[in-house]
Amino acid sequence: MLTSELKKGSAEFLILSLLEHEARHGYELAKLIESRSMGVLTFHVASLYPLLYRMEERGWIGGRWVEKAGERRRRFYHITAAGRKALDAQRESWREFVTAIGRVAGVRYA
Amino acid sequence: MPDWRTEVRSRLPKLGLAAGDEADVVEEIAQHLEQQFAELCVHVGSDEARRQLLAQLDDPAFGTIPVRRRRAATRRSTRLLNLHWLGRDARYGARTLTRSPAVMLIAALALALGIGLTTMMYSVVYGLIIKGLPYDDPDRIAFVMEASPSRSVDDQTQTSVQDFAEFQAQQRAFESLGGYDLGPVTVSAPGLPERIEVAWMTRGVFDVTRVRPLLGRTFRAGEDTVGGPPVAVLSYAAWRDRFGADSSAIGQSIRVDGKPVTVVGVMPPRFAFPHENVRIWLPLQLDPVGTPRGQGRGLSVVGRLRSGVSLEDAERELDVISSRIAAEHPETNAGVHAVVTSFQRAVMPPPVFSLLYTMLGAVTLVLLIACANVANLLLDRAAHRTREIGIRRALGASKLAVVRQFLLEAFMLSLVATLLGTALAQGGIVAFNHAIADTQPPFWMDVRLHPQVLLFAAAMGLLATVASGLLPAVQSARIDINEILKDDSRAASSLSIGRLSRTLVVFEIALSCTLLIAAGLMTKSVVRLRAITPGFVTKNILTAQVSYSSTDPAKQQHFFETLAHEIARLPGAQAASLSTQLPGGLPYPSRFAIEGHTYAREQDYPMSQQAAVTPGYFETFDIPVLRGRAIEATDRMGTVPVAVVNQRFVDEYFHGADPLGKRIRLGGASSTRPWLTIVGVIPTLYTSTTPTHRDSWPPALLTSYWQRPRSDASIAIRSTSDPMALVPAVRRIVATLDADVPVSRVSSMDALMAQSMWAMRVFGGLFVVFGLVALTLAAIGLYAVMAFSVSRRVREMGVRIALGATNGDVVRLVCRQGARQIAIGLLLGLAAGAAAARLLTVVLFEVQPHDPFVFAIVVLVLSASGLVACLIPAARATRVDPVTALRSE
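The shown structure was predicted, so the numbers you read here are calculated from the model rather than taken from an experiment. (Residues numbered from 1 in each chain as written. Chains lettered and ligands numbered in written order. Predicted model: local features only at pLDDT ≥ 70, side-chain atom pairs only at ≥ 80, totals over all residues.)

Q: Could you give an account of the overall build of chain A, with specific residues and numbers?
A: Assigned secondary structure in chain A consists of four helices and three strands. Helices (α) and strands (β) of chain A occur, in sequence order from the N terminus, as α-β-α-α-β-β-α. Counting every position in chain A, which comprises 110 residues, the buried fraction comes to 24%. Once local pairs closer than 6 in sequence are excluded, the contacts in chain A between residues at least 24 apart make up 45%. (Helix = DSSP H or I, 4+ residues; strand = E, 2+ residues; numbered from the N terminus. Buried ≥ 20, exposed ≤ 12 C-beta atoms within 10 Å, placed from the backbone. Contact = placed C-beta atoms within 7 Å.)

Q: Could you give an account of the overall build of chain B, with specific residues and numbers?
A: For chain B, the count of helices and strands is 28 helices and 22 strands. For chain B, with 889 residues in total, the buried portion stands at 40%. Restricting to contacts in chain B with at least 6 residues of sequence separation, those with at least 24 account for 82%.

Q: Quick one: what's the story with the confidence of the model for chain B, residue by residue and with numbers?
A: All names here are of chain B. With 91% of its residues at a pLDDT of at least 70, chain B reaches an overall mean of 82. Averaged pLDDT values over the elements of chain B bottom out at 44 in helix H4 (residues 68–77) and peak at 95 in strand E19 (residues 676–682). Low confidence marks residues 68–78, where pLDDT is under 50. Its contacts with residues over four positions away, or in another chain, come to 14 contacts. Confidence over residues 489–495 falls short of pLDDT 50; this stretch has 12 contacts with residues more than four positions distant or in other chains. Reported confidence for the predicted complex is 0.86 by ipTM and 0.63 by pTM. (pLDDT = per-residue confidence, 0-100.)

Q: Can you explain the pairing of strand E12 (residues 541–547) of chain B? Please cite residues and give values.
A: Residues and elements named next belong to chain B. Across the seven residues of E12, five count as buried, placing the element largely inside the fold. Two elements, E12 and strand E21 (residues 712–719), share seven bridges in a ladder whose sense is antiparallel. Looking at the pairing, Val546 lines up with Ala713 of E21. Bridge analysis of E12 against strand E22 (residues 743–748) gives four bridges, and the strand direction is antiparallel. When the bridges of E22 are listed, Leu542 appears paired with Ser748. (Pairing = 2+ DSSP bridges.)

Q: Can you lay out unusual backbone geometry for me, pointing to particular residues and giving the numbers?
A: All names here are of chain B. Geometrically, the link from Phe273 to Pro274 is a cis peptide bond, its omega value of -15° lying close to zero. Structurally, the position occupied by Pro274 is in the loop between strand E8 (259–266) and strand E9 (280–283). A positive phi angle, near 50°, is found at Asp257, a position not held by glycine. Checked against the element boundaries, Asp257 lands in the loop between strand E7 (253–256) and E8. The phi torsion at Asp622 lies on the positive side, around 55°, for a residue other than glycine. By the element assignment, Asp622 lies in the loop between helix H20 (616–620) and strand E16 (627–628).

Q: Before we move on, can you summarise the interface of chain A and chain B with the specific residues and values?
A: Across the boundary between the two partners, chain A contributes 13 residues, which contact 15 residues of chain B. Broken down by secondary-structure element, the contributors of at least two residues to the side of chain A that touches chain B are helix H2 (26–36), helix H3 (45–58) and strand E3 (74–79) of chain A. A per-element tally of the side of chain A that touches chain B places H3 of chain A first, with eight residues. By residue class, the composition of the side of chain A that touches chain B is six nonpolar, three polar and four charged. (Nonpolar A, V, L, I, M, F, W, Y, C, P; charged D, E, K, R; others polar.)

Q: Describe in detail the nonpolar core, supporting the description with residues and values.
A: Residue and element names in this part refer to chain B. Core analysis: the biggest nonpolar cluster contains 113 residues, and Leu111, Val366, Ala518, Phe770 and Ala774 have the highest contact counts within it. With 19 residues, helix H13 (residues 350–384) is the largest single contributor of residues to this core. When residues no more than four places from it in sequence are discounted, the contact partners of Leu111 are Ala370, Val374, Leu413, Ser414, Ala417 and Ala464. Membership of the second largest hydrophobic core comes to 56 residues, among which are Leu582, Tyr605, Leu726 and Val734. (Core = buried A, V, L, I, M, F, W, Y, C linked by C-beta atoms within 7 Å.)

Q: Quick one: what's the story with the environment of Ile196 of chain B, residue by residue and with numbers?
A: Residue and element names in this part refer to chain B. Relative to the elements of secondary structure, Ile196 occurs in strand E4 (residues 194–201). Residue classification places Ile196 among the partly exposed positions, given that 16 C-beta atoms sit within 10 Å. Separated by 82 residues in sequence, Ile196 and Val278 have C-alpha atoms that sit 7.4 Å apart.

Q: Requested: an account of the packing of helix H6 (residues 101–130) of chain B against helix H15 (residues 399–436) of chain B, with residues and values cited.
A: Residues and elements named next belong to chain B. Packing of H6 against H15 brings their axes to within 6 Å, and their N-to-C directions diverge by 45°. By the angle class used here, H6 and H15 are oblique. The way H6 lies across H15 gives a crossing that is right-handed. Class assignment for the residues of the contact of H6 with H15 results in 17 nonpolar, eight polar and no charged. (Axes fitted to C-alpha atoms, helices over the stretch in contact; angles between N-to-C directions. Parallel < 35°, antiparallel > 145°, perpendicular 65-115°, else oblique. Left-handed = near helix turned anticlockwise from the far one by under 90°.)

Q: Kindly report on the packing of helix H26 (residues 807–840) of chain B against helix H27 (residues 852–878) of chain B, identifying the contributing residues and their values.
A: Residues and elements named next belong to chain B. In the contact formed by H26 and H27, the axes pass within 9 Å of each other and the chain directions differ by 150°. With respect to H27, the element H26 is oriented roughly antiparallel. The handedness of the crossing between H26 and H27 comes out as right-handed. Contacts from Asn807, Val810, Val811, Val814, Cys815, Gly818, Ile822, Leu826 and Leu830 of H26 reach H27 at Phe855, Val859, Leu862, Ser863, Gly866, Leu867, Cys870, Leu871, Pro873, Ala874, Ala877 and Thr878. Class assignment of the residues belonging to the contact of H26 with H27 gives a composition of 16 nonpolar, five polar and no charged.

Structural data, given as structure tokens:
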């Protein structure tokens, strides 16, 4: 399990990445993060939703209630232009960070 | 499964989210938890799953949901005015309004009619009263008169020359003060001789008006003192007529009463002072020092108040000066004090003010009736939309949002109506100006769509929005969501709306009843006025004025005798006469005494109209002699002075007894005139009325034109065809007698009579229009409400018919409700109408303000149209097919 500090810093990055190509609802985001990280990263409702609302407030993502035939309405989140910019910036700094860590710690990617 | 919504909600209150937001947040998180719970149950069982998830919820991170921005956004959306929401609401409103275009068009038209009439009436009030006189800052111009305790309060007089000089020297309240006097002069060369009214004024008068001359200058110091050079300032019209609007007129001379006067200035086109008939201004050459007190002419005095000085302040100051003068000259000025009023009030008779404001009030009633109609229409729609509104409310629309939606729809309607109404008003203004074009309206009257009038129209549009939209809006916002969403609750919610509609209709009927009473009284006055048989012929009669004075009385006598002789011989002239006053003219009653009676005080002397006439007068106007004889050719200088009196005179002063042979004397206590023997009686003739003389059939006496020397004559010639064809011949006759004598006020008798009735005709006609519009609107309103109520009760009617109700029963049922509203409305309206009628008294002609005939007709017309409005839906109700009715819903 990752430390909560690290998780917090990366959480926004993760959510932005997941919303990059399609709009998703909160539960889907939680499940995707959990499954893609093989259970290393998990989000509780208590941390996920405050985070989503904060990102919405910051204008990185937008939430909208969507009704689909035969399903109950759900709130879907999509990435905004500002969110894309933030995502690019975070990708860049993450890459630099990883490279730097690699150089220092001698960790190599295959 | 635990109720996740409750669990989430119980942890949220400390965040203080707005209701709509909280619902969203609860829903979203609860959904998440439900799904998670379902998955966890499979692995760990429901108890453990529940424990785990609740533990998650208690994580302190949950308390960090950002609320600031969400709440702010929420608050904005409930504001009445928000551009984003407004745009959306407007689009939605436009869609709803255009869904039933015919109904909305009628609503817009009704409002447009109301707004159009009010705007038009306001433009008249504005152009005649509010805009004021065409001088700079006209509100600061005051009119100064003198009053003394020996006279009654309303008997204020002009200011004496000496007092004016003292006022001018000592006062501080006015930045300029001027005195003027009016009188007739004969103006000739260049142009035809003409008898016109001129104003002699001190140069201060032009300063008071602050109007610059178009050409040249106004009077200079020295020109308004005795011995000053003879100069004149011309009006634009005089300059145009006499000098062909040539600017070289300055410095040229005109002849005034035979003496040359130099033109020094020309005033701009719209300038007039103190009224439009004065076309030349001459300097008032005063000599206050050289004129002993108690002599010299009286002056009308105007002054421009210094800023910050009120009329009362000015009056107080002049009073101080007055009492100083009174102390010095008690023999002429004891108790004389100054009265300062606004100049506008002095030139415009108060009855005109009250009439115009009454009319503005009347059209506002029309507008309110239109608003009530539209309010009803919107209420009706609101009743049909209760479900829609219920759903909107359930989906989170605030009450304010519903109110906003309705007000916005009313606003859009009013906007269309205001545009239409302004166009209507413009049409009305054109018609109004056309109608009064040949009636010599006051010179300052300028009726058109001034910017202030447009502002007024916009304000009326807003008023219409609120008046027609607020009730439906508030009513809809009060709808109980739960009741709507349950089935078949529409009837319940529309019930209260129905009651409101009915109240509105009562209000409409009351308002239109008030208006119809006013309209009825005015109509009856107009009908009366048109139907009067004045007692004299007016058709094919040419009238004109001629003045001639000479130092040689024989020459003067010869002039008028030849004139009378020549005009009677004109080809086409059936009869001709000279007189000092035409019949039907303005009332100038004066005092006289009956032989054998004594009168203690001056005001105890009886009053009568008087005119001196030539024998032809009776034939020209076809006035029969009831008893005795008419004035005859033998009643000349040197024979027994005679008089002919009218029937009213006999009734009033001889109580019906035979007056022939009785003697009367013109003038009051100080009269030295000869006694006149009454030789004949004629019928009572019609006389124009003024606000101060309301009697159209006053006592009158005629004397012989030839028994006294005359300097003025009103010519009257009855022609076999168009009387105006005689004008050149009459001018030729006068010019042959004396080339310098003017022929003025040439007109046909019919035109003179029409002119004296213009106000009645125009205002009476307007009232009739208002009344008819109000009646139509009220009838439509009643019909709409009854039709709506019947359509709501189709099912009930079906049941009644199925249970054996006859057509008569159904009609009675529907009409009973309508009848109650009509009755209440009528009662209220009659009371209001009786009050309003009193305001109209000054303009009514031979109609009592509480004329029972008019009141009865109004009740009849309103009840009849109200009943028809009920009967149509009632008849529809009888055609309800019980089977279909019961199956519906």
